[in-house]
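# Commentary on secondary and tertiary structure
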Amino acid sequence: MNFVVSALLPILLILPIFDILTYIGFLPWLIKWIGRILSFITRRPKFETFYSIEMMFLGNTEAPVVSKLQLQKMSPARNVVVAMMTMSCVTASILAAYIQMMPAEYILTAVPLNCLNALIVTSMLYPVEVTAEEDVVYTYEDALAQDAEKQPVSTAAVSEADATSRPAEAPAAVETAVKPGLGGWFEKIVRRDPNRPKKEPFFSFLGDSILNGGRLVLIVTANVITFVALAALIDKILGAIWSPLSLESILGVFLYVPSLLLGLDPATAWDMSQVMGLKLVTNEFVAMGQVMDTITTFSPHHQAVLTVFLTSFANFGTLGMIIGTFKGIVDKERNELIAKNVGRMLLSGILVSLLSAGMVGLFVW
């Protein structure tokens, strides 16, 4: 119940707010210009670079929801890239809880590093070529225009349009004439293009947004419960075979070598790998709770790499949340491609955390 109230119910407010910003055109404008600046620096597409900034403040359900329109219009391959990046999200509102459990300086350093490294890791694990024609930011009106183009037009309507096109040409030229001077410039800005599709009434649009938010909460809840239950079932089966055996201990074995590469001695690396495995199977709060009483006794280097690694949402439960979120906002083709790359999503979250931990560890000994 705490998870539903704290993590999912905010969607019912966040989704309508950002849908309204999309409706009036402010959010696409913001994505376009911030994305253009960051894209010039990183040489990555506009939306992906803007999304990396969103990841610093919004969680792994809120960030995709805010960008729903862009995800629906982007190619399926770019949706996979965004899903992989979402594994490294951190909600700004939850940082205060992290800081009470772990060293604050390393947590605050980890958040922007994760965003930067998510761009790097996803471009290596799942490279997608984005042309200049595809690297656009869609507005609500653009989406309406595209949908209108996809609708079939009857033969009678086409004939009627052809019959009336010639007489309408001359008046149209007079109607679109622009006054000279400052008045003409102002009229050009505020005048609505008659060829643009008419917007849906605002309160009808808002009602659809609220209903979509409620449906999304149910989908994400079901997916998270299923993923966590499956992980617990696997743990029980492994424990029945041999009591010390568990999913987190198996993952800890695989993460032992990366722990050594972070500059830890063998005994410390083994302890850290077990905490890392626990975090992947459960969540970062469980892992932080296990070490919060003893972390002050660790060496500065050990504190730094462990804290930075734990500061992200990358775990099995997050997979369920991301898959459920995308199921609620994009079509079947995009969902199927994301589902085929679940392994890449988990690997992306692990590699981003390791890369961030390694970068911080270089400067703290």
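The model shown is predicted, which means the values in this text are computed figures rather than measured ones.

This part is about the packing of aromatic side chains. Scanning the model with the defined rule gives 2 aromatic pairs in all. Taking the centre distance of 5.7 Å and the plane angle of 40° together, the rings of Phe47 and Tyr51 count as tilted. Here Tyr51 and Phe47 lie together in helix H4 (residues 46-54), a separation of 4 residues that amounts to about one turn. By relative accessible area, Tyr51 is classed as buried at 0%. A ring pair is formed by Tyr256 and Trp270, whose centres lie 5.7 Å apart and whose planes are at 70°; its orientation type is edge-to-face. In this pair, Tyr256 is assigned in helix H15 (residues 256-261) and Trp270 in helix H16 (residues 266-281), connecting sequence segments 14 residues apart. A relative accessible area of 38% means that Trp270 is categorised as partly exposed. The ring of Phe40 carries Arg43 above its face, with NZ or CZ at 4.9 Å from the centroid. In this structure, Lys279 is placed above the aromatic ring of Phe309, and the distance from its NZ or CZ to the ring centre is 5.5 Å.

A complete count under the given rule lists 4 salt bridges for this structure. Here Lys46 makes a salt bridge to Asp135, at a shortest N to O gap of 3.6 Å. Taken as a pair, Lys46 in helix H4 and Asp135 in the loop between helix H9 (104-125) and helix H10 (140-150) lie far apart in primary sequence, 89 residues in all. For the pair Lys46 and Asp135, one class covers both residues: buried. Asp331 is the salt-bridge partner of Arg334, the closest N and O atoms lying 2.7 Å from each other. Assessed through its relative accessible area of 9%, Arg334 is described here as buried.

A few words now on the UniProt feature "transmembrane region" (unreviewed entry) in the chain. If you check UniProt for "transmembrane region" (unreviewed entry), the listed places come out as residues 7-31, 80-99, 106-126, 213-233, 245-264, 304-324 and 345-364 in our numbering. From the first C-alpha to the last, residues 213-233 spans 30 Å; its make-up is 100% helix and 0% strand. With 70% helix and 0% strand, the stretch residues 245-264 has end C-alpha atoms that lie 24 Å from each other.

Take empty space enclosed by the protein next. Under the defined criterion, the tally for this structure stands at 1 cavity of 30 Å³ or more. What the largest cavity holds in volume is close to 40 Å³. With 3 residues, helix H3 (residues 26-42) is the largest single contributor of residues to the lining of the largest cavity.

Interaxial distance between H4 and helix H7 (residues 76-86) falls to 11 Å at its minimum, and their mutual angle equals 15°. The orientation of H4 relative to H7 falls into the category roughly parallel. Crossing handedness for the pair H4 and H7: right-handed. Listed contacts from H7 to Phe47, Glu48, Tyr51 and Ser52 of H4 are Arg78, Val81, Val82, Met85 and Thr86.

Inspection of the secondary structure puts Leu251 in helix H14 (residues 247-254). Distance from Leu251 to Gly277, taken between C-alpha atoms, is 4.9 Å for residues 26 residues apart in sequence. Those residues in contact with Leu251 that lie beyond four places of it in its chain are Gly277, Leu280, Val281 and Phe316.

Definitions and limits used
- Every chain is numbered on its own, with residues counted from 1 as its sequence reads.
- Thresholds applied to this predicted model are a pLDDT of at least 70 for local features of residues and 80 or more for the giving and counting of side-chain atom pairs; totals over whole chains, interfaces and linings are not thresholded and use all residues.
- Each side-chain value is derived from all of the structure's non-hydrogen atoms; neither hydrogens nor water enter the calculation.
- Whether two aromatic rings pair depends on their centres lying within 6.5 Å, for rings of Phe, Tyr and Trp, where Trp uses its six-membered ring; planes under 30 degrees apart make the pair stacked, over 60 edge-to-face, and the rest tilted.
- The way it works is that DSSP assigns letters per residue, a run of H or I at least four long becomes a helix, a run of E at least two long becomes a strand, and they are numbered from the N terminus.
- Exposure is judged per residue with a 1.4 Å probe applied to protein chains only, and the accessible area is read against the type maximum: over 50% gives exposed, under 20% gives buried, and values in between give partly exposed.
- Two thresholds decide whether a charge sits over a ring: the Lys NZ or Arg CZ must be within 6 Å of the ring centre and within 35 degrees of the ring normal.
- By definition, a salt bridge exists where a carboxyl oxygen of Asp or Glu is found within 4 Å of a side-chain nitrogen of Lys or Arg.
- UniProt positions are given in the numbering used here, feature names are shortened, and annotations may be inferred rather than shown by experiment.
- With a 1 Å grid spanning the protein atoms alone, the term cavity applies to any set of points in which a 1.4 Å probe fits but cannot get out, the term pocket to an open set with protein on both sides within 12 Å along at least five of seven lines, and the term lining residue to any residue with an atom within 4 Å of a point.
- Grid points are joined across faces, edges and corners, and a volume is the space filled by probe spheres set on the points.
- All axes here are fitted lines through C-alpha atoms, helices being fitted over the stretch that makes contact, and every angle between N-to-C directions spans 0 to 180 degrees.
- Angular relationships are summarised with four words: roughly parallel below 35 degrees, roughly antiparallel beyond 145, roughly perpendicular across 65 to 115, and oblique for the angles in between.
- In this scheme, a crossing is called left-handed if the near helix is turned counterclockwise away from the far one by less than a right angle; it is called right-handed if the turn is clockwise.
- Contacts are assigned to residue pairs with any non-hydrogen atoms lying within 4.5 Å of each other.

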